[in-house]
Amino acid sequence: MSSGKVVAGFEIHYRGCLASDGTLCGPLPAFASDPELLRQLYRAMVRARVFDTKAVNLQRTGKLGTYPSCLGHEATHVGVGSAMRAEDVLFTVYREIGTKFWRGVEMLDVLLYWGGDERGTNYRRTPQDFPFCVPIASQMPQAAGAALAIQIRGEPRCVLVFIGDGGTSQGAFYEALNMAGAKQLPLVCVIVNNRWAISVPVSVQTAAQTLAQKAIAAGIPAVQVDGNDVLIVRDTVAAALERARGGGGPSVIEALTYRLSDHTTSDDATRYRSAAEVEAAQRIEPNIRMRAFLESRGLWNDEAEAALRRECGEAVDAAVKQYLATPKQSTDTMFDYLYAQLPPGLRAQREDARHYSALKT
Amino acid sequence: MGKMTMVEAINMAHAWEMAQDPSVVVLGEDVGANGGVFRATAGLQQRFGKARVQDTPLAEGLIAGAAIGMAAEGLKPVAEIQFMGFIYPALDQIASHMARLRNRTRGRLTCPLVLRMPHGGGIHAPEHHSESLEALLCHHPGLRVVCPSSPARAYGLLLAAIREPDPVIFLEPVRLYRFARQEVDDDGRALPIGSCFVLRAGSDLTVVTWGAMTVDCLKAAEQMAAEGVSCEIIDLSTLAPIDFDTLLDSVVKTGRLLIVHEAVRTAGLGAEIAAIVAEQALYDLEAPIRRVTGYDTIMPLYRLEHDFIPGVARILDGIRATLAD
């Protein structure tokens with residue numbers, strides 16, 4: 001195996017600038033000179049978390065279906081959202097509410113979706129974005145296709161696609177990256193490595209040292225970043241999007257973070273991971289360090305924090321109120337969006353559903 | 001325009017629609033310089049350029065998935081899967097996303113695309129190149145599944161498929177690709193999706209079939225006519241959603257139904273047709289519904305393929321048995 005000359009090699013670089021205590025461990029990105037933007041990033045992270053906490057509680061009290069918490073992923077999700085342009089296309093998995101909120105998806109939408117109502121996928125501000133994608137990695141080929149469409153039309157837009165650590169084991173992940181590399185598509189893939197695919201840790205998932213290096217085989221530049229550092233996530237993703245927008249081709253960014261919650265509200269993570277590991281991860285979580293950083297710069301204080309919490313709480317309460325007051329859709333809607341026009345053979349079934357639905361009320 | 005084969009008609013339909021509609025793009029394995037392994041896309045890349053006729057990496061799931069992303073972004077992809085036996089890796093994209101995108105986004109995102117592929121056997125192809133898997137696709141609401149049976153119908157139905165606002169799976173019977181030449185006008189006129197075609201009117205018995213089996217059924221009807229039996233041959237044409245009105249009208253008229261398909265029998269599309277006719281026209285039937293289909297076996301390698309595919313003899317026996325009941 002070791003004889004013969006070296007014909008290929010690779011290195012994966014790691015980037016980070018905010019240490020877990022909010023001090024700097026690397027150079028600040030240029031945008032950090034804008035204090036309002038820094039505050040905005042933090043506000044979005046807190047907003048996602050306040051919403052998330054409420055959503056889990058709603059599920060626990062029987063008012064929401066199974067829900068996948070985003071606890072601990074706020075920096076990655078918000079960093080990505082803030083780096084994108086409105087006209088770009090977003091493909092997510094199912095946890096990235098921080099990104100969706102940044103792009104104008106409403107709390108009500110997310111509640112409706114996890115509350116069992118398709119109307120929650122009606123993203124009014126970014127109608128080109130795809131809804132949550134549950135079958136793992138199946139968003140990847142679609143994202144590559146959207147990027148191909150953008151390339152064919154020569155538009156200055158990009159596609160950003162999320163995938164999890166478990167998703168990188170799927171064929172669809174490799175297939176899509178392979179085409180993105182071969183066709184130099186305007187695609188940026190963010191691998192959210194939160195260390196756990198339900199109960200399976202990355203070490204069981206793959207023997208690769210990093211998930212970023214999986215891009216190397218597709219000829220795509222890749223980097224690993226501290227996914228709990230919103231500044232480095234935003235900076236790295238923005239640079240990758242800019243490169244792709246200018247015809248520079250795809251990138252892969254592995255964001256190292258940690259799933260502080262159970263996989264979903266149906267999961268019990270204590271069955272497969274230690275309390276000590278979770279406690280260690282809590283010490284390096286993203287929101288604490290961003291607040292400490294802002295405070296160290298004189299950009300934040302306890303009053304600002306209290307006001308933000310109040311504001312987020314009110315927004316969440318208003319969304320929950322609206323969600324709980326939203327009547328379920330008519331059974332007609334099961335049929336009406338199957339095709340542009342309902343095939344005649346389905347009319348009888350639609351009538352049947354109407355009839356039995358009416359008997360229930 | 002002249003006489004042409006089905007594969008030439010398919011090529012001509014691509015060219016017509018690409019010339020009319022700049023959003024139509026072709027993608028698939030070997031569809032570019034090579035023009036597709038059956039030459040369905042021959043010359044399109046030379047004429048319309050590499051941006052609009054894209055050779056993809058060799059990955060069926062990717063092709064189907066990429067077509068979804070392209071369609072949602074406003075293009076009209078016409079994607080080729082090289083053989084239907086290779087559809088399995090694409091099923092996740094087809095079932096989980098293509099068929100559902102309009103519904104799961106309440107109409108916000110749609111999937112106007114065509115996924116074309118050769119269907120069936122009979123051309124001495126290798127293993128996995130001769131499958132008839134339409135039932136897998138017809139089981140997914142949100143898809144339209146179309147299977148033409150002549151060059152002219154292939155031309156008109158492919159145009160209709162590309163113009164559809166929803167995803168269409170377009171099954172091209174390989175045995176008919178170069179089976180016969182037919183006059184086809186290159187006039188851009190689409191044929192209706194969602195309607196059966198009555199290929200031969202008759203009064204004694206209805207034969208429902210599709211794709212390459214239409215040829216054998218027409219031959220059988222010809223022979224039966226010599227014996228004084230009048231068979232009505234219906235080409236189902238759109239396999240999902242099915243035009244049951246035409247079918248039921250015919251069965252009510254003739255009182256007898258034979259279903260002929262190449263695919264395996266169990267849970268095949270014939271079972272659905274039989275069930276609907278039994279539910280809605282049982283008292284109009286004068287004989288039990290019969291099926292003549294591929295056997296419930298693995299599609300054999302090619303030396304036995306014509307023993308698997310129902311031929312005229314089996315169809316004739318099916319007709320005679322149904323008439324005798």
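In this text, all values refer to a predicted model and were calculated from it rather than measured experimentally.

### Topic: the pairing of strand β2 (residues 24-28) of chain B
Residue and element names in this part refer to chain B.
And then number 1: The buried fraction of β2 is high, at five of five residues.
And then number 2: Judged by which residues are buried, β2 turns out to be covered on both faces: Val 24, Val 26 and Gly 28 on one side and Val 25 and Leu 27 on the other are all buried.
And then number 3: With three bridges connecting them, β2 and strand β3 (residues 53-55) associate as parallel partners. For Gly 28, the partnering residue across the bridge sits in β3 and is Asp 55.

### Some points on the confidence of the model for chain B
And then number 1: With 100% of its residues at a pLDDT of 70 or more, chain B shows a mean pLDDT of 97.
And then number 2: The ipTM, which scores confidence in the relative placement of chains, is 0.94 for this predicted complex, and the corresponding pTM is 0.96.

### With respect to helix α6 (residues 171-183) of chain A
And then number 1: With 13 residues, α6(A) ought to run about 18 Å at 1.5 Å a step, and its terminal C-alpha atoms sit 18 Å apart, in line with that.
And then number 2: Burial analysis of α6(A) places 11 of its 13 residues in the buried class, which makes it a mostly covered element.
And then number 3: Along α6(A), the residues that are buried comprise A:Ala172, A:Phe173, A:Tyr174, A:Glu175, A:Ala176, A:Leu177, A:Asn178, A:Met179, A:Ala180, A:Gly181 and A:Lys183.
And then number 4: Close packing links the buried residues of α6(A) with α5 (139-153), β3 (159-164), β4 (187-193) and β8 (251-256) of chain A together with α3 (60-72) of chain B.

### As for the interface of chain B and chain A
And then number 1: Tallying the contact residues gives 37 residues for chain B and 33 residues for chain A.
And then number 2: Here the element with the most residues in the side of chain B that touches chain A is α3(B); it accounts for nine residues.
And then number 3: Considering only residue class, the side of chain B that touches chain A consists of 17 nonpolar, 13 polar and seven charged.

### Comments concerning the domain arrangement of chain B
Residue and element names in this part refer to chain B.
And then number 1: Domain annotation for chain B reports domain 1 (3-183) and domain 2 (197-324).
And then number 2: Once you take the C-alpha centre of each, domain 1 and domain 2 turn out to be 26 Å apart.
And then number 3: Each partner contributes residues to the interface: domain 1 has 27 residues there, and domain 2 has 23 residues.
And then number 4: Contributing elements (two or more residues each) for the side of domain 1 that touches domain 2: α6 (134-138), β6 (144-146) and β7 (168-173).
And then number 5: When grouped by side-chain class, the residues that make up the side of domain 1 that touches domain 2 number 13 nonpolar, eight polar and six charged.

### A look at the sheet that holds β3(A)
Residues and elements named next belong to chain A.
And then number 1: Spatial strand order, β1-β7-β8-β4-β3-β2: six strands in an open sheet with parallel pairing. With one partner strand each, in any of the chains shown, β1 (13-15) and β2 (89-91) form the two edges of the open sheet. Between one strand axis and the next, the sheet turns through 20 degrees on average, direction left out of account.
And then number 2: Pairing between β2 and β3: three bridges, direction parallel. The residue of β3 that forms the bridge with Leu 90 is Leu 160.
And then number 3: Its contacts with the sheet put helix α8 (residues 230-245) on β1, β3, β4, β7 (222-226) and β8, and the angle it makes with β8 is roughly 170 degrees.

### Here we look at the packing of helix α2 (residues 74-83) of chain A against α8(A)
Each pair of packed helices gets described by two things: the angle between the helix axes and the distance between those axes.
All names here are of chain A.
And then number 1: Running from amino to carboxyl end, α2 crosses α8 at an angle of 35 degrees, the nearest separation of the two axes being 8 Å. Here α2 and α8 pass one another in a crossing that is right-handed. Between α2 and α8, the residues in contact are Ala 75, Thr 76, Val 78, Gly 79, Val 80, Ser 82 and Ala 83 and Val 230, Val 233, Arg 234, Val 237, Ala 238 and Leu 241, respectively.
And then number 2: Classifying every residue of the contact of α2 with α8 gives nine nonpolar, three polar and one charged.

Criteria and cut-off values
Residues numbered from 1 in each chain as written. Chains lettered and ligands numbered in written order. Predicted model: local features only at pLDDT ≥ 70, side-chain atom pairs only at ≥ 80, totals over all residues. Buried ≥ 20, exposed ≤ 12 C-beta atoms within 10 Å, placed from the backbone. Helix = DSSP H or I, 4+ residues; strand = E, 2+ residues; numbered from the N terminus. Pairing = 2+ DSSP bridges. pLDDT = per-residue confidence, 0-100. Expected span 1.5 Å × (residues − 1). Contact = placed C-beta atoms within 7 Å. Nonpolar A, V, L, I, M, F, W, Y, C, P; charged D, E, K, R; others polar. Domains from an automatic or database assignment. Axes fitted to C-alpha atoms, helices over the stretch in contact; angles between N-to-C directions. Left-handed = near helix turned anticlockwise from the far one by under 90°.

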